[in-house]
Every structure is written in C-alpha cells, then in structure tokens.
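# Architecture at a glance
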Amino acid sequence: MKTEPGKKLTRQEEFVKMHRRHHHEIASWRTILFVLFLILWEVSARLKWIDSFFFSSPSRVAQCFIEQLKHNSMLSHIGVTLFETLFSFLLVLLFSLLVSTLLWYSTKLSEILEPYLVVLNSLPKSALAPLFIVWLGTGTKTIIVAGISVAIFGSIISFFTGFQQVDAEKITLVYTLGGSRRDAFFKVVLPGSVPILLSTAKVNIGLALVGVIIGEFLAARRGLGYLIIYGSQVFQLDMVITSIIVLCIIALIFYKSIQIIEHQIKIKFKM
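Given the structure is predicted, the values throughout are model-derived calculations rather than measurements. Note that residues are indexed from 1 along each chain, following the sequence as it is written. In keeping with the predicted nature of the model, local features appear solely for residues at pLDDT of at least 70, side-chain atom pairs appear and are counted solely at 80 or more, and the whole-chain, interface and lining totals rest on all residues. For side-chain calculations, the full set of non-hydrogen atoms in the structure is used, while hydrogens and water are omitted.

## What about the pattern of salt bridges?
One side-chain nitrogen of Lys or Arg within 4 Å of one carboxyl oxygen of Asp or Glu is enough to make a salt bridge. Inspection of the entire model under this criterion finds two salt bridges. Between Arg 46 and Glu 42 there is a salt bridge, and its shortest N-O distance comes to 2.7 Å. In this pair, Arg 46 and Glu 42 are both assigned in helix H1 (residues 11-46), four residues apart and thus about one turn of the helix distant. For every residue, the accessible area (1.4 Å probe, protein chains only) is compared with the maximum for its type, and the residue is labelled buried under 20%, exposed over 50%, or partly exposed between those bounds. The exposure class assigned to Glu 42 is buried, which follows from its relative accessible area of 14%. In this structure, Asp 238 and Arg 60 form a salt bridge, with 2.9 Å as the shortest nitrogen-oxygen distance. Here Asp 238 is found in helix H12 (residues 237-269), whereas its partner Arg 60 is found in helix H3 (residues 58-70), with 178 residues between them in sequence. For Asp 238, a relative accessible area of 17% corresponds to the buried category. In this structure Arg 60 comes out as partly exposed when scored by relative accessible area, which is 28%. Only DSSP runs of H or I with at least four residues qualify as helices, and only runs of E with at least two residues qualify as strands; both kinds are numbered from the N terminus onward.

The following block contains the structure:
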C-alpha cells in the first residue's frame, strides 16, 4: 500500500501493512526451507550419502516427470485422479449436507443414528476397499466409492455438530417472530455454520484424495495410485517418488483453492 511522502498511516493501514508483511515473511521462509530441502536431497544423492536408486533425487524426479510428459502418460494419470477426487468430494459434500440437515430436523433420528455414524467413522476404510471390489468390480465406480467412504461419516458428524453449535437464542427469536423450523435452518443455522462447513471441506478434499488413492492401489489401471503400485512392483522408484510428489502438489492446490474460497466468503459476508 503506497502512501504520499509525509502522510501518516492510519491504524487500519498500519495493520494491513503489518499483516501483509507477516504473510510475505512466512511465505519466504516456507520457500527457503523447501529449496534447502531440495538442495540437501540432491547433494546427498550425488555424494552417495543416500542411495539414489531407493531415495531418488530432485534431478531424477524432474527427469522422470519430463519423460512421462513426453509420452502423455503423466497428464492422463493426473487427470484421472483429479476427476475421481473432485467427484468424490462433491458427492461427500452434498450427501453430508443432506444427511446432517435431516439429523438436525429430527432429534429422534439423530439419537438413533449417532452411534452408527461414530462406529463407521472409526472403521479403517482401507479394510472396506476389497469389499468394494467384490461388490462393484474394478473401475472408476469402485474408486469413487472408496474416496467417498473415507470422508463421508466424519463429514456428517462435523456438519451436524456445527448445526448444533449455532446460537440457540437466535433460533428462538425466529420462532418468536412466527418463523418455521425451515426458516430457522435457512436463515440462522446454515449461515451460522458456514465457517465449520468450509473448514470441514478443507479436510474432506484431502480425505477424498486419500480414499481415491487407496482405491487406485487395488482397482485401477490408470491414476497416480496405479503408478505408485506399478512403479514399486517393477522397482522404478523414481516413478513412485515422482507420483508421490505430484500428489503432494495436488493436495496443496486443493487446500489453497478452498482456503481462497473461504477467504472470499468471509470478506463478502464480513465474517
């Protein structure tokens, strides 16, 4: 923020300036640490401190990525994983919102289903993947279901908990003014739960990616999960590490995208 010479900054301008400086400093340190890690990794491989066959190196990862791009295989695998993850995430979001809304509307239903949701959320989802293959066969459908299964139950619990934590006095006020339960939900409960919905969405996108990769490990012929399994089977560990790094980048992009959406919503509604 530029100011004219001799003009004093207001408290708000000073706060904004300090806030931006803080974020720039954090971003700079993150970049420095990442670059130092890459340098240490590359030097360790070249000086034989680590075995580059097992641990690879940044240069070998870059070379492997370029070779995969030349054959158009990497982009194809990334595209498949992206589609399966985003589709799983959207289904989790919609289904969780629907079920948690029903639980909020019916106290009896929530009391009946709550222990089942807790138990299903505690169940190791990787144990369900072989069953999905038996029930649904191999293919995209099974992988999407695996992605949904990892996030769905925790998402329902988080959404429902957020609905319950909305200020009860505001809901009472709606009823006092002649509003219905529907009015209370759409005018008070849902808007008041937006921060929790967004924070849960940031977690869900990562969980959906984890579920998709688990599904691709067992039931896919395309995708980054398939590349990881295939590379480990034929001892092409450069391919394995490259795929893992690409997954980390995808997870970061997903997280930052939802974080930007969250920031814009908070600005719009002044939350």
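## Looking at the packing of helix H5 (residues 107-122) against helix H7 (residues 140-164)
Where H5 meets H7, the closest approach of the two axes is 9 Å, and the angle between their N-to-C directions is 135 degrees. Classified by the angle between their axes, H5 and H7 sit oblique to one another. Viewed along their axes, H5 and H7 form a crossing whose handedness is left-handed. Of the residues in H7, those touching H5 at Ser 110, Leu 117, Val 118, Leu 120 and Asn 121 are Phe 153, Gly 154, Ile 156, Ile 157 and Phe 160. Lines fitted to C-alpha atoms define the axes here, with helix axes fitted over just the stretch in contact, and angles between the N-to-C directions of these axes take values from 0 to 180 degrees. Should an angle fall under 35 degrees it is taken as roughly parallel, and over 145 as roughly antiparallel, whereas 65 to 115 is taken as roughly perpendicular and any remaining angle as oblique. Crossings are classed by handedness, with left-handed meaning an anticlockwise turn of the near helix from the far one by less than a right angle and right-handed meaning a clockwise turn. For this analysis, residues touch if any pair of their heavy atoms sits within 4.5 Å.

## Some details on a nonpolar patch on the surface
Nonpolar side chains collect at one region of the surface, where Trp 29, Ile 32, Leu 33, Phe 34, Val 35, Leu 36, Phe 37, Ile 39, Leu 40, Val 43, Leu 47 and Trp 49 lie side by side and expose about 1300 Å² of accessible area between them. Topologically, Leu 47 is positioned in the loop between H1 and helix H2 (52-55). Like-charged residues within 9 Å of one another, or nonpolar side chains (Val, Leu, Ile, Met, Phe, Trp, Tyr) within 5 Å, are grouped into patches, provided each residue has over 30% relative accessible area and no salt bridge. A 1.4 Å probe and the Shrake-Rupley method give the accessible areas. Residues count as covered only by the protein chains that appear here.

## Quick look at the layout of surface pockets
By volume, the second largest pocket is sized at about 350 Å³. A 1.4 Å probe that fits into a set of points on a 1 Å grid over the protein atoms alone but cannot get out defines a cavity; an open set with protein on both sides within 12 Å along at least five of seven lines defines a pocket, and lining residues are those with an atom within 4 Å of a point. Lining the second largest pocket are 17 residues, and of these Phe 89, Leu 93, Leu 197, Leu 198 and Ala 201 lie nearest its centre. Looking at the lining of the second largest pocket, the elements with two or more residues in it are helix H4 (73-105), helix H10 (194-219) and H12. Under this grouping Gly is polar, as are all residues other than the nonpolar Ala, Val, Leu, Ile, Met, Phe, Trp, Tyr, Cys and Pro and the charged Asp, Glu, Lys and Arg. By residue class, the composition of the lining of the second largest pocket is 16 nonpolar, one polar and no charged. Grid points are joined across faces, edges and corners, and a volume is the space filled by probe spheres set on the points.

## As for the nonpolar core
If you look at the biggest cluster of nonpolar residues, it comprises 22 residues, and the most contacted ones within it are Leu 103, Trp 104, Ile 152, Ile 156, Phe 163, Ile 171 and Val 189. Counting residues per element, the ones that place at least two in this core are H4, H7, helix H8 (168-176) and helix H9 (181-192). A per-element tally of this core places H7 first, with nine residues. Non-local contacts of Ile 152, meaning those with residues more than four positions away in its chain, are made with Val 92, Phe 95 and Ser 96. Definition used in this section: a nonpolar core is a set of buried Ala, Val, Leu, Ile, Met, Phe, Trp, Tyr and Cys residues joined via side-chain atoms within 4.5 Å. With 20 residues, the next largest nonpolar core counts Met 74, Leu 224, Val 246 and Leu 247 among its residues.

## Some points on the environment of Thr 140
Mapping Thr 140 onto the fold places it in helix H7. In sequence terms Thr 140 and Phe 254 are 114 residues apart; their C-alpha atoms lie 21 Å from each other. Setting aside chain neighbours within four positions, we find Thr 140 in contact with Phe 83 and Glu 84.

## Quick word on the confidence of the model for the protein chain
Per residue, pLDDT captures the predictor's confidence, and it can take any value from 0 to 100. The predicted model of the protein chain averages 85 in pLDDT, with 94% of residues at 70 or higher. Looking at the elements of the protein chain, mean pLDDT is at its lowest for helix H6 (residues 129-136), recorded as 81, and at its highest for H4, recorded as 92.

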